[in-house]
Amino acid sequence: MNGSTTSTCICRSSVEEGTELAGWSRYRRYAAAAVAVVLAGGVVVIMLTTVARSASAGFLHIRLNLSATSDYTSADPALAISPDHDRVAIVWVEGYIQSKTDSRGHVYLRAASESAGGLGNRIAVYTGDESACAFDRAAVAVTGTTAHIAYTVYNPCSTPQYTRLYYQTCSLTSGTCGSSELITSTAASQYPITWVDLAVDENGNPHVVFARYEGAPRVGKIFYAARTGGAWGS
């Protein structure tokens, strides 16, 4: 008492202050790390967006007139992409006579590669005429730089006596095709073949499915054939 004033000091020890400063320092470090992660994520997003935009501007991502014919009818296209996603191959049938409606005739192939940076010229897989012509949809698969193609031929073209199913390979680098292989042949009046598709297994063996009509009245049935040891199973 004695007229003096007593003041209360609310003080923290140096240990307490040190603890608080250490906590604040850790908080700043965590916050900086979180910001860095967010920024890094933003950079990744930006990079992915840039890659996507770059890819979308590539030649494989714009519309192209692949057949580029005005007086001949092109129809029944099919496409396949290589297992490494670098190459795309497209096949179609195209009329051998100048017609706005008749696509019976040839089988053509075109291919493109992202790494090679261009679209190749069209390749004549099969050339038809009145004696024999490709008919209906061809099918294609790709392994490495090789296109595997299956297609149906009517013999003769206008009034077929036979329908024949063929398999053939073409190089996507040289643009040349090997010899055709006969898968099966049927009498057109009894067992016409149409609607073929194929795939290639890990050993490079092609597998083919196709529709064949038979009986009276005609009933469509699905058939399968595979090539092993260089020969097609019966």
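As shown above, the structure is provided for reference.
Calculation notes
- Residues numbered from 1 in each chain as written.
- Predicted model: local features only at pLDDT ≥ 70, side-chain atom pairs only at ≥ 80, totals over all residues.
- Heavy atoms only, no water.
- Disulfide = S-S within 2.5 Å.
- Helix = DSSP H or I, 4+ residues; strand = E, 2+ residues; numbered from the N terminus.
- Buried < 20%, exposed > 50% of the residue type's maximum accessible area, 1.4 Å probe, protein only.
- Phe/Tyr/Trp six-rings, centres within 6.5 Å; stacked < 30°, edge-to-face > 60°.
- Lys NZ or Arg CZ within 6 Å of the ring centre and 35° of its normal.
- Polar contact = N/O pair within 3.5 Å; in protein donor to acceptor, adjacent residues only side chain to side chain.
- Contact = heavy atoms within 4.5 Å.
- Patch = residues over 30% accessible without salt bridge, like charges linked within 9 Å, V, L, I, M, F, W, Y side chains within 5 Å.
- Areas by Shrake-Rupley, 256 points an atom, 1.4 Å probe, with all protein chains shown as cover.
- Salt bridge = Lys/Arg side-chain N within 4 Å of Asp/Glu carboxyl O.

1. A short note on the state of the cysteines
(1) Moving on: One pass over the full model with this rule turns up two disulfides.
(2) Moving on: Disulfide pairing is shown between Cys 133 and Cys 157; the S-S distance is 2.1 Å. What sets the handedness of the Cys 133 and Cys 157 disulfide is the S-S torsion sign, and at about 85° it is right-handed. Remark: Cys 157 occurs in the loop between strand S7 (146-155) and strand S8 (162-171) and Cys 133 occurs in strand S6 (residues 133-143); sequence separation between them is 24 residues. One exposure class covers both Cys 133 and Cys 157, and it is buried.
(3) Moving on: With its sulfur 2.0 Å from that of its partner, Cys 170 forms a disulfide with Cys 177. Between Cys 170 and Cys 177, the disulfide has an S-S torsion of 100° and is therefore right-handed.
(4) Moving on: On the accessibility criterion, Cys 177 (28% relative accessible area) is partly exposed.

2. Re the packing of aromatic side chains
(1) Moving on: Within this structure, the stated rule accounts for six aromatic pairs.
(2) Moving on: Ring centres 5.5 Å apart and planes at 40° place the aromatic pair Tyr 126 and Tyr 151 in the tilted group. Separated by 25 residues along the polypeptide, Tyr 126 in strand S5 (residues 123-126) and Tyr 151 in strand S7 bring together distant segments of the chain. Accessibility assignment for this pair places Tyr 126 and Tyr 151 in one class, buried.
(3) Moving on: Linked through ring pairs, Tyr 126, Tyr 151 and Tyr 166 together constitute an aromatic cluster.
(4) Moving on: The ring of Tyr 191 carries the charged tip of Arg 212 above its face, separated from the ring centre by 4.7 Å.

3. Some thoughts on the side chain of His 148
(1) Moving on: With respect to the element layout, His 148 can be found in strand S7.
(2) Moving on: In this structure the side chain of His 148 is engaged in a polar contact, spanning 2.8 Å, whose partner is the side chain of Thr 143.
(3) Moving on: When neighbours within four sequence positions are excluded, His 148 is seen to be in contact with Ala 139, Val 140, Ala 141, Thr 143, Tyr 167, Gln 168, Thr 169, Leu 198, Val 200 and Gly 204.

4. Concerning a nonpolar patch on the surface
(1) Moving on: Side chains of Val 209, Ile 222 and Tyr 224 sit close together on the surface and give an oily, nonpolar patch of about 330 Å² of accessible area.
(2) Moving on: Assignment of secondary structure puts Tyr 224 in strand S12 (residues 219-228).
(3) Moving on: Under the relative-accessibility criterion, Tyr 224 is labelled exposed at 54%.

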